[in-house]
Amino acid sequence: MLIGFMGAGKTETGKLLAKKLKMTYVDTDDIIEKEQGMTINEIFAKKGEESFRDMETELLDELADLENHVISTGGGMILRPGNVKKMKSMGIMVLLWADPDTVYERVKRAGTRPLLNVEDQKGKIREILEVRGPIYKAVADLEVDTSRFSPEEASGKIVKFLKEE
Ligand code: S3P
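Notes on the structure in this doc start here. Everything numeric here is computed off the predicted structure, so don't read it as measured data. (Residues numbered from 1 in each chain as written. Predicted model: local features only at pLDDT ≥ 70, side-chain atom pairs only at ≥ 80, totals over all residues. Heavy atoms only, no water.)

## Brief notes about the overall build of the protein
Secondary structure assignment for the protein yields eight helices and five strands. Each helix and strand of the protein, placed in order from N terminus to C terminus, yields the pattern β-α-β-α-α-α-β-α-β-α-α-β-α. Taking 165 residues into account, the globule formula puts the C-alpha radius of gyration at 15 Å, and the protein, at 15 Å, falls close to it. With respect to the principal axes defined by its C-alpha atoms, the protein has extents near 45 × 35 × 25 Å. Taking all 165 residues of the protein together, the buried fraction comes to 44%. A fraction of 71% describes how many contacts in the protein between residues 6 or more apart in sequence connect residues 24 or more apart. Roughly 8800 Å² of accessible area belongs to the protein as shown, and the carbon and sulfur atoms make up 49% of that amount. (Helix = DSSP H or I, 4+ residues; strand = E, 2+ residues; numbered from the N terminus. Rg over C-alpha atoms; globule rule 2.2 N^0.38 Å. Buried < 20%, exposed > 50% of the residue type's maximum accessible area, 1.4 Å probe, protein only. Contact = heavy atoms within 4.5 Å. Areas by Shrake-Rupley, 256 points an atom, 1.4 Å probe, with all protein chains shown as cover.)

## Points about the site of the ligand
What surrounds the ligand is a group of 13 residues, the closest being K10, D29, R53, R113 and R132. Between G76 and the ligand, the recorded distance is 3.4 Å, taken from a backbone N or O atom to an oxygen atom. Within the side chain of R113, an N or O atom sits 2.8 Å from an oxygen atom of the ligand. Put simply, the ligand lies in the largest pocket. (Near = heavy atom within 4 Å. Polar contact = N/O pair within 3.5 Å; in protein donor to acceptor, adjacent residues only side chain to side chain. 1 Å grid on protein atoms, 1.4 Å probe; cavity = no way out; pocket = protein on both sides within 12 Å on 5 of 7 lines; lining within 4 Å. Sits in = over half its atoms within 2 Å of the grid points.)

## Some points on the packing of aromatic side chains
Each aromatic ring pair is summarised here by two numbers: the centre-to-centre distance and the angle between the ring planes. Across all of its chains, the model carries one aromatic pair by this definition. Pairing F44 with F52 gives two aromatic rings, centres 5.1 Å apart and planes at 45°, and the pair type is tilted. For the pair shown, F44 and F52 are each scored as buried. Stacked on the ring of W97, the Lys or Arg K137 has its end atom at 4.2 Å from the ring centre. Here the basic side chain of K157 rests over the ring of F149, its NZ or CZ set 4.2 Å away from the ring centre. (Phe/Tyr/Trp six-rings, centres within 6.5 Å; stacked < 30°, edge-to-face > 60°. Lys NZ or Arg CZ within 6 Å of the ring centre and 35° of its normal.)

## Details of the pattern of salt bridges
Per the counting criterion, the structure on display carries 12 salt bridges. Here R80 makes a salt bridge to D54, at a shortest N to O gap of 2.8 Å. Residue R80 is found in the loop between β3 (69–72) and α5 (81–90), and its partner D54 is found in helix α4 (residues 49–63); the two are separated by 26 residues along the sequence. Note that K137 and E143 form a salt bridge whose closest N and O atoms lie 3.1 Å from each other. Owing to a relative accessible area of 38%, K137 belongs among the partly exposed residues under this scheme. For E143, a relative accessible area of 39% puts it in the partly exposed group. Connected via shared salt-bridge partners are E49, R53 and E56. (Salt bridge = Lys/Arg side-chain N within 4 Å of Asp/Glu carboxyl O.)

## Side note on the nonpolar core
If you look at the biggest cluster of nonpolar residues, it comprises 35 residues, and the most contacted ones within it are I3, F5, M6, I78, M87, I125 and Y136. At the level of secondary structure, the elements contributing two or more residues to this core comprise α3 (40–47), α4, α5, β4 (94–97), α6 (100–107) and α7 (121–139). Filtering out sequence-adjacent residues up to four positions away, I3 remains in contact with K10, T73, I78, M87, M93, V94, L95, L96, Y136, V139 and A140. In this structure, L2, L17, V70 and V159 belong to the second largest nonpolar core, which totals 14 residues. (Core = buried A, V, L, I, M, F, W, Y, C linked by side-chain atoms within 4.5 Å.)

In structure tokens form, the structure reads like this:
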């Protein structure tokens, strides 16, 4: 499973990783959007963040028995301790990490992340990372810094780690 903040490169690295491992790539945000028939922005606006978090928790149960999949998770999936427990039982947890400036450069124009639809995006990124940073790092089996490595390099590092496991 891939965990990490918005803009950490989960999608790009995850797709490459799945290809290298001959596995199938899935993304929890994509599945939730399809199931709800709405974008993440619309879900946050119409149903609120708490409902979205409930959808994430329910989805984990649906995905629990999947094998041979690379599962990329939304940046907030690790916020609920119950989610983390489930995720740990589902497989190796790989944290993709990027420093706040890199995250900002990657997400600033997208407009697809409701939590960052604010005036002071940089400040908001730092604020959320301060809370989540220790959680991401505590639950990860492996950490890869995508500010320093390309998706190709990052996915290669993950493959190497999994082979040594
Ligand atoms: C969120 C991250 C997003 C998405 C939602 C909330 C978060 O996913 O789930 O906007 O709380 O960090 P990505 O990390 O794939 O952008």
